[in-house]
Amino acid sequence: MKSSFLVTPAENQPGASIDGDAAEQPSRRNFLKGSAALMVAPLLPASAKSRTSDEDAVAVAAVPASPPTVPWQEFLPDVIGVLDANPLDPSPTGTANIAGGEAGRPSHQRWNEFAARAEPYELHAAQRENWVFSPSYPAQPVWTYQAKEPDLSILSPVVFAHYGHPVLCRIYNDLPANHVGFGSPEISTHLHNLHCGSESDGFPGDYYSATKAGPTLTSPGGFRDHLYSNIYAGYDELQNGIGDYREALGTLFYHDHTTDFTAPNIVRGLVGFYCLFDELDSGDERDPNPSALRLPSHPYDYPLSFSDRRFDADGMLYYDQVNPDGVLGDKVVVNGKIEPVLRVARRKYRLRLLNAGPSRFYQFYLVRPNNVIQPFTYIANDGNLLERPLLNQTFVRLGVAERGDIVVDFSRYPRGTELYLVNRLTHVADDTRRPDRVVAPGVRVLKIVVDREPPEQDLSQVPSFLRPLRPLPSTAELAALPVRRWVFERRQNMWAINGQFLDINVPRAQIPLGGMEIWELASVDNGWDHPIHIHFEEGRILSKTTDGRNVVIPAHERGRKDVFVVNGRTTIRVLLRFRDYKGKYVMHCHNLIHEDHSMMLRWDIV
Ligand SMILES: [Cu+2]
């Protein structure tokens with residue numbers, strides 16, 4: 001089969017020479033790098049057999065169900081744990097401080113512009129020995145990103161950051177080098193979807209530990225510095241010192257992105273939130289600035305991550321990192337807890353919902369104990385504020401890595417009211433293949449109890465206009481743009497893009513700095529859904545078509561997005577820009593097991 005990689009006009013695109021016929025099996029040597037090769041085999045239960053073709057899905061033995069849990073035994077903290085700044089020793093440097101213990105990364109771009117005023121933060125990827133997912137299961141080791149002095153009541157802390165205030169985040173790798181079990185103790189931390197230099201992006205080939213370095217680093221190291229400039233895209237274009245405020249991001253999350261091991265390392269726990277504020281979305285509901293939106297703010301701005309997990313008969317975390325289909329979790333872990341309780345005051349809350357994966361899709365509803373659906377306001381998709389809030393919404397649907405920010409007004413309920421967040425979306429064959437029907441009443445994943453009056457007046461609001469979108473180019477301008485077509489499909493029992501598997505050393509597209517392109521993300525109908533994530537800049541969906549017929553773009557997808565779910569015979573056309581930084585980035589399926597089994601490609605800005 002000839003490659004379906006299309007570029008128009010062809011002569012404009014250096015990537016046009018890529019040929020899908022060059023597809024080859026990804027290197028298993030690479031996949032089984034280091035110590036991991038020694039431990040995968042004993043982990044495999046007899047039931048976990050890899051599929052041998054696309055057609056034999058029904059032949060796969062199911063992974064045993066997780067043991068039952070007694071729900072609503074533990075409370076989430078009333079105030080989410082936030083990371084504090086602290087001075088760094090040794091001081092950060094533009095060029096990697098290899099003598100001081102840093103991994104051999106490329107030099108920071110725009111160092112002289114941002115370093116002097118960057119606020120220092122420090123995170124340690126480390127094993128926590130006694131985490132309790134549920135009192136029904138034994139305390140067990142997990143991996144977290146934690147502060148130098150960790151808060152043991154939470155997994156990874158939230159980072160609050162502000163546009164115009166750069167952050168220098170040093171991330172130590174303190175994971176056990178002699179680790180046994182699934183996962184790999186090297187890390188490369190991606191901050192999804194910050195607009196930053198590739199050396200700070202957590203490029204998958206940039207994984208490091210004190211003794212090992214990924215193929216795109218020059219040497220191992222105990223830490224790596226990330227310069228999060230916190231500028232909007234359009235920095236060079238506008239020459240205003242900060243960029244285009246219409247490109248603001250809000251709800252981001254950091255997570256490990258190590259080549260071939262992202263799924264197991266995230267299952268072990270390496271995920272945290274990063275919330276980014278600016279003058280509009282200022283994180284202060286009492287902000288006197290007239291342009292401030294005054295959305296509900298900390299501690300009433302509450303991020304919630306949802307992670308599908310499976311546990312073995314002993315209640316210990318289980319994952320099969322070798323099976324290219326992965327494992328669909330049958331327990332939903334909310335901020336590290338199974339079936340926890342969140343106590344709220346009678347007032348408005350901003351809840352930032354994240355599907356942290358690895359594979360399950362959700363459709364969340366807020367219901368009363370009698371399953372009557374409660375409405376809320378949808379304000380941001382993929383972390384980006386919509387132009388206008390969507391009022392009286394009843395559900396949030398999230399593919400892996402998608403985010404939905406909602407505002408719920410709990411003042412409508414008397415004290416003592418109990419509500420549940422339920423997932424009504426099922427999966428075909430109860431495996432990782434794709435979401436299926438919406439079935440009521442659904443699975444209760446979080447209990448919310450309205451348990452108190454707010455200590456002070458709720459002055460937060462949801463204005464009728466949130467953040468403007470940059471107008472799309474004219475039809476004529478769009479027609480003149482280069483188009484790249486990327487087809488996502490199963491191949492040779494693995495996952496491919498345009499018939500090719502990941503080679504982290506070779507860019508599949510080289511895009512001139514400042515360029516604008518249309519990317520067509522397409523699926524062939526083999527029954528799998530792929531939530532496709534493109535690093536670096538948000539995109540705008542121009543159209544969705546199935547078998548050539550236009551599909552209506554839902555209201556919440558008409559803003560800026562960084563995850564695009566392709567399925568069936570659908571093609572999504574996305575407008576993308578490539579501004580302000582050069583270097584290597586990736587596009588990949590965010591069903592993490594697909595990502596690890598090669599549904600990823602490198603593209604460079606040159
Ligand atoms: Cu996928």
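Looking only at helices and strands, one finds seven helices and 35 strands in the chain. For the chain, long-range pairs separated by at least 24 residues make up 77% of all intrachain contacts whose partners lie at least 6 apart in sequence. Of the accessible surface of the chain, which amounts to about 21,400 Å², a share of 53% is contributed by carbon and sulfur atoms.

Here we come to the pattern of salt bridges. The final tally for this structure, using the stated rule, is 41 salt bridges. Linking Lys212 and Glu186 is a salt bridge whose minimum nitrogen-to-oxygen distance equals 3.7 Å. Residue Lys212 is located in the loop between β6 (189-192) and β7 (223-228), and its partner Glu186 is located in the loop between β5 (167-173) and β6; the two are separated by 26 residues in the primary sequence. Measuring nitrogen to oxygen at the nearest pair gives 3.1 Å for the salt bridge that ties Arg490 to Asp325. In this pair, Arg490 sits in strand β24 (residues 483-491) while Asp325 sits in the loop between β11 (317-318) and β12 (331-334), placing the two residues 165 residues apart along the sequence. A network of salt bridges, in which partner residues are shared, links Glu237, Asp244, Arg246, Glu247, Arg470, Glu537 and Arg579.

Sheet architecture is open: four strands sit in the order β4-β9-β8-β6, paired in mixed fashion. The outermost strands of the open sheet, each flanked by one partner alone, are β4 (159-162) and β6. Averaged over all pairs of adjacent strands, the angle between their axes in this sheet comes to 25°, without regard to strand direction. Sheet topology places β6 next to strand β8 (residues 251-256); four bridges connect them, and they run antiparallel. Pairing of Leu191 across the sheet is with Tyr254, part of β8.

Let us now look at the pairing of strand β33 (residues 570-578). For β33, the buried fraction is high: eight of the nine residues fall into the buried class. Across six bridges, the pairing between strand β29 (residues 539-546) and β33 is antiparallel. In the strand pairing of β33, Lys544 is matched with Ile572.

Judged by nonpolar contacts, the single largest core of 62 residues is most densely connected at Leu304, Phe306, Leu353, Phe410 and Leu446. Looking at which element gives the most residues to this core, the answer is strand β15 (residues 348-357), with five residues. When sequence neighbours within four positions are dropped, the list of residues in contact with Phe306 reads Val332, Val333, Val334, Leu353, Leu354, Asn355, Ala356, Gly357, Tyr362, Phe364, Leu421 and Val445. Core analysis: the next-biggest nonpolar cluster, separate from the first, contains 36 residues, Trp111, Leu521, Leu576 and Trp603 among them.

Another aspect to go through is the confidence of the model for the chain. Summing up the model confidence of the chain, the mean pLDDT is 91 and the portion of residues at 70 or higher is 90%. Note on residues 1-60: pLDDT under 50 across the span, and 120 contacts to partners over four residues away in sequence or across chains.

Let us look at the packing of aromatic side chains. Considering all chains together, one arrives at 25 aromatic pairs under this definition. Following the ring pairs from residue to residue traces out a cluster consisting of Trp486, Trp519, Phe536, Phe578, Tyr581, Tyr585 and Trp603. Just above the ring of Phe182 sits the side chain of Arg268; from NZ or CZ to the centre is 4.1 Å.

Taken as a whole and assessed by the stated rule, the structure comprises six cavities of 30 Å³ or more. Approximately 120 Å³ is the volume attributed to the largest cavity. Lining the largest cavity are 15 residues, and of these Glu247, Arg470, Arg540, Arg560 and Arg577 lie nearest its centre. Mapped by element, the contributors of at least two residues to the lining of the largest cavity are β29 and β33. Here the lining of the largest cavity is built from residues that sort into five nonpolar, one polar and nine charged. Approximately 70 Å³ is the volume found for the second largest cavity.

Our focus in this paragraph is the pairing of strand β10 (residues 301-311). Counting buried residues along β10, eleven of its eleven residues qualify, which places the element largely inside the surrounding structure. Neither face of β10 is open: one carries Asp301, Pro303, Ser305, Ser307, Arg309 and Phe311, the other Tyr302, Leu304, Phe306, Asp308 and Arg310, and all of them are buried. Judged from the seven bridges that link them, β10 and β15 form a sheet pairing that is parallel. Note on β15: the bridge partner recorded for Ser307 is Gly357. Strand direction decides the pairing type here: β10 and β12, joined by four bridges, are antiparallel. Looking at β12, one finds that Asp308 is bridged to Val332. Pairing between β10 and β11: two bridges, direction antiparallel.

A sheet is described by the order of its strands in space; here five strands give the open sequence β26-β35-β34-β28-β32, paired in mixed fashion. Of all the strands in the sheet, just β26 (507-511) and β32 (563-566) have a single pairing partner and so form its edges. The average undirected angle you get between the axes of adjacent strands in this sheet is 25°. Where strand β28 (residues 530-534) lies against β32, four bridges are found, and the strand directions are antiparallel. When the bridges of β32 are listed, Ile532 appears paired with Phe564.

Within the secondary structure layout, Asn591 lies in the loop between β34 (583-589) and α7 (592-596). It is 8.4 Å that separates the C-alpha atoms of Asn591 and Thr432, two residues lying 159 residues apart in sequence. Polar side-chain contacts of Asn591 include one of 2.8 Å to the side chain of Ser359.

Another aspect to go through is unusual backbone geometry. For residues that are not glycine, phi is negative in most cases, and the peptide bond is trans in most cases. Of the consecutive residues Asp89 and Pro90, the connecting peptide bond is found in the cis state with omega at 5°. Following the sequence through the fold, Pro90 ends up in the loop between α2 (36-43) and α3 (111-114). A cis amide bond links Gly357 with the next residue in sequence, Pro358, at an omega value of 20°. For Pro358, the location among the structural elements is in the loop between β15 and β16 (362-367). The backbone of Asn392 shows a phi angle near 50°, a positive value even though the residue is not glycine. Note that Asn392 resides in strand β19 (residues 384-393). Overall, Asn392 belongs to the exposed group, its relative accessible area being 62%. If you check the backbone angles, Ala401 has positive phi at about 80° while not being a glycine. Within the element layout of this structure, Ala401 appears in the loop between β20 (396-398) and β21 (403-409). In this structure Ala401 comes out as buried when scored by relative accessible area, which is 0%.

Reading the values: rules and limits
- Residues numbered from 1 in each chain as written.
- Predicted model: local features only at pLDDT ≥ 70, side-chain atom pairs only at ≥ 80, totals over all residues.
- Heavy atoms only, no water.
- Helix = DSSP H or I, 4+ residues; strand = E, 2+ residues; numbered from the N terminus.
- Contact = heavy atoms within 4.5 Å.
- Areas by Shrake-Rupley, 256 points an atom, 1.4 Å probe, with all protein chains shown as cover.
- Salt bridge = Lys/Arg side-chain N within 4 Å of Asp/Glu carboxyl O.
- Pairing = 2+ DSSP bridges.
- Axes fitted to C-alpha atoms, helices over the stretch in contact; angles between N-to-C directions.
- Buried < 20%, exposed > 50% of the residue type's maximum accessible area, 1.4 Å probe, protein only.
- Core = buried A, V, L, I, M, F, W, Y, C linked by side-chain atoms within 4.5 Å.
- pLDDT = per-residue confidence, 0-100.
- Phe/Tyr/Trp six-rings, centres within 6.5 Å; stacked < 30°, edge-to-face > 60°.
- Lys NZ or Arg CZ within 6 Å of the ring centre and 35° of its normal.
- 1 Å grid on protein atoms, 1.4 Å probe; cavity = no way out; pocket = protein on both sides within 12 Å on 5 of 7 lines; lining within 4 Å.
- Points joined across faces, edges and corners; volume = space filled by probe spheres on them.
- Nonpolar A, V, L, I, M, F, W, Y, C, P; charged D, E, K, R; others polar.
- Polar contact = N/O pair within 3.5 Å; in protein donor to acceptor, adjacent residues only side chain to side chain.

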